Amino acid sequence: GVIRVFAPATVANVVCGFDVLGFAVNEPGDEVEMRLTDTPGVVIKRITGDNGKLPLDAAKNTVSASVQHYLHHVNRLDVGVEIELHKKMPIGSGLGSSSASTVAGLFAINKLMGDLLTPKELVPFAMKGEELACGYGHADNVAPAILGGFVLVRSYEPLDVISLPTPAGMYAAIVYPEVDVPTKDARQMIRSKVFLKDAVTQWGNVAGLVSGLFMNDFDLIGRSMKDVLVEPTRSILIPGFEDMRTIAMENGAIGFGISGSGPSVFALAKDEETAKRITKAQQQLLHKLNINSKAYVSSV
Ligand code: HSE
């Protein structure tokens, strides 16, 4: 059989929920084409759209490595798999690029094997891909890429992934300033010790954001989109960050912050028109700073 699968970009952290919150958007995303063959083993046949950045070595590529891991788990190392990866989204953008590829691959192999695992059961295999990509198997991109919508990673050990409701009509306004911020580096720069006072602020906001999603309360969601632990350090790497925040809030955003480990930023908005207005004004600012950018507006 042959199958072609799309998996979406994701916004991890959602400002206050470092490593525990994320949501999926409709686009951009990546596509994987997968074919079963008679020769046991997983091979990457072709990658398009990556400008030669991604490894073709099956042990190093997150897609093939996680598919291999899956086949090992379901005891089907006799299976031969050929993979074509079509990158349709920027790498190192903070939009869960590696996660989109990995998830598309896992979804494809699971379908070809007759849905041996549930989508939720695919999450740990996708986390292996993240570990390969950035040194740590965080789930806040892969879980929403697999399950859609907003997702909470309540616990890593044991893994406990919860789908959250998404208020109707909510839009994400995403801008990707084309500067390089590798997730690995962006993780290393964060302090690993925090003050209790800051922790209190942070968990108050996480609980507030989750409550806001359940209550359809945009105002509560907005008040909760604050990050005292990670954003102050990481935002330094993002050109025009504070000005982009001002632009977002002045144009009616619910809240604003870094997408994943950056450099992309995102705002939540109550309708598509507001989201488009925000990205347009932010791109104008980046243009003035001589920085190329891409924008994506998507319902959440
Ligand atoms: N939670 C991860 C981080 C997401 O912030 O490093 C990376 O996209």
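Residues numbered from 1 in each chain as written. Predicted model: local features only at pLDDT ≥ 70, side-chain atom pairs only at ≥ 80, totals over all residues. Heavy atoms only, no water.

Glancing now at the nonpolar core. Ranked by size, the top nonpolar core spans 36 residues in total, and within it Met 34, Tyr 70, Leu 71, Val 81, Ile 83, Ile 109 and Val 123 carry the most contacts. Not counting chain neighbours up to four residues away, the residues in contact with Leu 71 comprise Val 42, Arg 76, Leu 77, Val 79, Val 81, Ile 109 and Met 113. In this structure, Phe 23, Ala 100, Phe 150 and Ile 221 belong to the second largest nonpolar core, which totals 27 residues. (Core = buried A, V, L, I, M, F, W, Y, C linked by side-chain atoms within 4.5 Å. Buried < 20%, exposed > 50% of the residue type's maximum accessible area, 1.4 Å probe, protein only. Contact = heavy atoms within 4.5 Å.)

Spanning 20 residues, helix H6 (residues 196–215) covers 28 Å between terminal C-alpha atoms, matching the ideal 28 Å at 1.5 Å per step. Those residues of H6 lying buried are Asp 198, Ala 199, Gln 202, Asn 205, Val 206, Gly 208, Leu 209, Val 210, Gly 212 and Leu 213. Close packing links the buried residues of H6 with strand E2 (21–37), strand E5 (150–155), strand E6 (160–164) and helix H7 (218–224). The positive-phi residue at the C-terminal boundary of H6 is Asn 216, with phi of around 55°. (Helix = DSSP H or I, 4+ residues; strand = E, 2+ residues; numbered from the N terminus. Expected span 1.5 Å × (residues − 1).)

Another aspect to go through is the pairing of strand E8 (residues 255–258). Alignment of E8 against strand E9 (residues 265–269), held across 4 bridges, turns out to be antiparallel. Following the sheet pairing, Ile 258 is matched in E9 by Val 265. From the end of E8 to the start of E9, which pair antiparallel, there are 6 residues, and Gly 260 there has a positive phi angle of about 55°. (Pairing = 2+ DSSP bridges.)

The tally for this structure, following the rule as stated, stands at 5 aromatic pairs. Here Tyr 70 and Phe 125 contribute two aromatic rings whose centre-to-centre distance is 6.0 Å and whose plane-to-plane angle is 70°, an arrangement assigned as edge-to-face. Placement of the pair is Tyr 70 in helix H1 (residues 62–73) and Phe 125 in helix H3 (residues 119–134), with a sequence separation of 55 residues. Across this residue pair, the class does not change: Tyr 70 and Phe 125 are buried. Chaining the aromatic ring pairs together yields one cluster made of Phe 23, Phe 150 and Phe 266. (Phe/Tyr/Trp six-rings, centres within 6.5 Å; stacked < 30°, edge-to-face > 60°.)

Here we take up the site of the ligand. As a structural note, the neighbourhood of the ligand is formed by Ala 12, Asn 13, Phe 18, Asp 19, His 138, Asp 140, Asn 141, Thr 183, Arg 187, Arg 234, Gly 260 and Ser 261. Arg 187 is positioned with one of its side-chain polar atoms (N or O) 2.7 Å from an oxygen atom of the ligand. Here an oxygen atom of the ligand and a side-chain polar atom of Arg 234 are 2.7 Å apart. Protein chains bury 98% of the 260 Å² of accessible surface belonging to the ligand in isolation. Looking at the shell around the ligand, its residues break down into 2 nonpolar, 6 polar and 4 charged. (Near = heavy atom within 4 Å. Polar contact = N/O pair within 3.5 Å; in protein donor to acceptor, adjacent residues only side chain to side chain. Areas by Shrake-Rupley, 256 points an atom, 1.4 Å probe, with all protein chains shown as cover. Nonpolar A, V, L, I, M, F, W, Y, C, P; charged D, E, K, R; others polar.)

Looking now at the packing of H1 against helix H2 (residues 97–112). Interaxial distance between H1 and H2 falls to 8 Å at its minimum, and their mutual angle equals 35°. Considering only the axes of H1 and H2, their crossing is right-handed. Every residue of H2 that contacts H1 at Thr 62, Val 63, Ser 66, Val 67, Tyr 70 and Leu 71 is listed here: Ser 98, Ser 101, Thr 102, Gly 105, Leu 106, Ile 109 and Asn 110. Classifying every residue of the contact of H1 with H2 gives 6 nonpolar, 7 polar and no charged. (Axes fitted to C-alpha atoms, helices over the stretch in contact; angles between N-to-C directions. Left-handed = near helix turned anticlockwise from the far one by under 90°.)

Turning our eyes to something else, we now look at the side chain of Ser 66. Within the element layout of this structure, Ser 66 appears in helix H1. Beyond its immediate chain neighbours, meaning those up to four positions away, Ser 66 contacts Thr 102, Leu 106 and Phe 125.

The next thing to look at is the sheet that holds E9. Strand order across the open sheet formed by 4 strands is E8-E9-E7-E10, with antiparallel pairing between neighbours. Because the sheet does not close on itself, it has two edges, and the strands there are E8 and strand E10 (293–299). For this sheet the average axis-to-axis angle between neighbouring strands, irrespective of direction, equals 15°. Lying over the sheet, helix H9 (residues 241–250) contacts strand E7 (171–177), E8 and E9, oriented at roughly 155° with respect to E8. Contacts from helix H10 (residues 272–288) reach E7, E8, E9 and E10, with the element oriented near 15° to E7.

Let us now look at H1. Taking 1.5 Å of rise per residue, 12 residues should cover 16 Å, and H1 covers 16 Å from first to last C-alpha, within 8% of that figure. Looking at H1, one finds that the buried residues are Thr 62, Val 63, Ser 64, Ala 65, Ser 66, Val 67, Tyr 70 and Leu 71. Buried residues in H1 make contact with E2, strand E3 (41–48), strand E4 (80–86), H2 and H3. You can read the cap of H1 off the contacts: a side-chain oxygen lies 2.8 Å from the backbone nitrogen of Val 63, and it is on Asn 61. Just past H1, the residue Asn 75 takes up positive phi, approximately 60°.

Look at the link from Glu 27 to Pro 28: it is a cis peptide, with omega at 5°. The topology assignment puts Pro 28 in strand E2. Each neighbour pair has its own omega, and for Gly 262 with Pro 263 the value is 5°, a cis peptide bond. Within the secondary structure layout, Pro 263 lies in the loop between E8 and E9.

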